Every structure is written in structure tokens, then in C-alpha cells.
Amino acid sequence: MKPLKDCPRATLAAVKGVLTDIDETVSTEGRLTAAAYGALEALKAAGLKVIPVTGRPAGWCDMVARFWPVDAVVGENGAFWMWQDDKAGKLRTRFIQAEAERVEGRRRLEAVRADVLREVPGCGIASDQPYRLADLAVDFCEDVPALPHSAVDRIVQVFERHGAHAKVSSIHVNGWFGDYDKLTTSRTMMKELFGIDVDAGAERAFWVFSGDSPNDSPMFGFFPNAVGVANVRDFADRMPILPAWVTTARSGAGFVELAQTLIAARR
């Protein structure tokens, strides 16, 4: 990872939009600061697209799509995306799986829930679980005392033993049944919603993804100008792929740093 300040100005000026994780990338210690929210708005005002890509639940994404200055939001690690259709005056949701698949997945996750709670002392089901439509979120440090890496690994192993996908964020292990993740859904969303093929030519170089944790690693690998906020270093030994660039500041302050850098380059 190289310091963001060393990224060529021409590269930054060519950026068309920002896809970003939320927890500890835009937020700071579980809070959305005025400065970070203002950075989202400033990016939009500068003409960039802004798309959160998060492990947070559908209930949160409904609010984000309606009320935040964003163009769309990918939720539950790629289970769907939501956007506010201004022409129709309504919120729309595009699920990756059909309803029957989601119902079956939720049924199978009940067995995972029981095993995780029995086998990994100290973990808990995430407080936002009632607002989820497709995945199971196991809390290892948000509302429970922080667990060691070994416990987080055991949570992942339980999911995988059941044949589920599992991804580690800064606060939860998210698991689901289905062949999608943040990256595959983001690519589909860009093409279907905005008519942008990020797989074509150099297009992906014009989009920045910002994140901080292991579940962001596929996005870091796909986008050549991905940016980690400084706390990405906390997970560096647990991530197969790191971002090209890293901010000086952590969490929301790092996102503000990214936004200011992109906007300054456009001037």
C-alpha cells in the first residue's frame, strides 16, 4: 500500500465515482460524523457517483438509499442493491436471488446460528439481525466484548462446515448461501443500473473502492485504485489482497481525506 498523497493527480482527476464500505470506513467507532456525511455530499456535489457497498442489513440500506446523498447501496455483502428511483418517486430493490432461494437460505442459517452460539463462547447474533433478508451476522466486537482472532476463525469455520460463504468485517462475521459477494453484485449493479461495464477496458481504473476489512479484499483486488482507510492495517495479515493506496487518517477521517483528495484533483 502506498500513501494516498502519492497517487498521481491525473489518476485522481479521472475518477468517476466512489464505492465504499460503511463500518469503520465512513463511520468512526460506530458513529457517522458530520464531517464524513459531509464528505459524501461533497463528492456528489462534485459530480461523482457515490455507492456504499456494505454488509449491513436491508433495513439499514432502505434508510441509506432514501436519505443519504448516494446513487445506490449494495447491502448484506451483495444480496441486493437498493436505489431511490426519483422518476417513479419510490425506493427500488434488486435481489440477486429469487424469493424461494432466500427463504431456503434463511432456513439453513438457523442451523448455523445454533451451532455458532453453542461452539463459540462470547459471540452473539448481531443486533441488526432482525432487519436482514438474506444473511446471518455474528457479532464478535460490536455489542459483545471483543473476541480474539481465533474465535473469529471458529465462527467462519462453522459457516463453512455448513456450506455457507462467510466474510469477516470489522465487527461481524456475515454468512449466507449463494454465489455472490460485494464484488460480483457491484459489477452487476454498475452494468444494470448505470450502464457501466467496469470489466471493459480501463473502466475499472476510473472507480475507487474504499474499505478497511477482510470482506473488502475482493474489491481491493478488482479496482486498481482502491483506497484503504488507515485502519486497514489492523487486518493486513488477514487479507489476501490489500488496496493500492492508504490514507493517513483512520475510519471516517480517512474517508474525508479521500474525498478531499479526489475533489482537489478535479479542480
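Residues numbered from 1 in each chain as written. Predicted model: local features only at pLDDT ≥ 70, side-chain atom pairs only at ≥ 80, totals over all residues. Heavy atoms only, no water.

Per the counting criterion, the structure on display carries 26 salt bridges. Between Lys182 and Asp21 there is a salt bridge, with its nearest N and O atoms 3.2 Å apart. One end of the pair, Lys182, is in helix α6 (residues 182-194); the other, Asp21, is in the loop between β2 (17-20) and α2 (34-45), and 161 residues separate them in sequence. Across the pair, Asp21 and Lys182 agree in class, each one buried. One salt bridge in this structure joins Arg161 and Glu119, with 2.8 Å as the shortest N-O distance. Here Arg161, found in helix α5 (residues 149-161), pairs with Glu119, found in helix α4 (residues 99-119); they are 42 residues apart in sequence, far enough to count as distant. A single network of salt bridges, built from pairs that share partners, joins Asp23, Arg56, Asp128, Arg132, Asp135 and Glu142. (Salt bridge = Lys/Arg side-chain N within 4 Å of Asp/Glu carboxyl O. Helix = DSSP H or I, 4+ residues; strand = E, 2+ residues; numbered from the N terminus. Buried < 20%, exposed > 50% of the residue type's maximum accessible area, 1.4 Å probe, protein only.)

Here α4 crosses α5 at 150°, and the two axes come no closer than 10 Å. Here α4 is positioned roughly antiparallel relative to α5, judged by the angle of their axes. As for how α4 packs across α5, the hand of that crossing is right-handed. Each of Leu109, Val112, Asp115, Val116 and Glu119 in α4 lies in contact with α5, whose residues at this interface are Arg154, Ile155, Val158, Phe159 and Arg161. Here the residues of the contact of α4 with α5 sort into six nonpolar, no polar and four charged. (Axes fitted to C-alpha atoms, helices over the stretch in contact; angles between N-to-C directions. Parallel < 35°, antiparallel > 145°, perpendicular 65-115°, else oblique. Left-handed = near helix turned anticlockwise from the far one by under 90°. Contact = heavy atoms within 4.5 Å. Nonpolar A, V, L, I, M, F, W, Y, C, P; charged D, E, K, R; others polar.)

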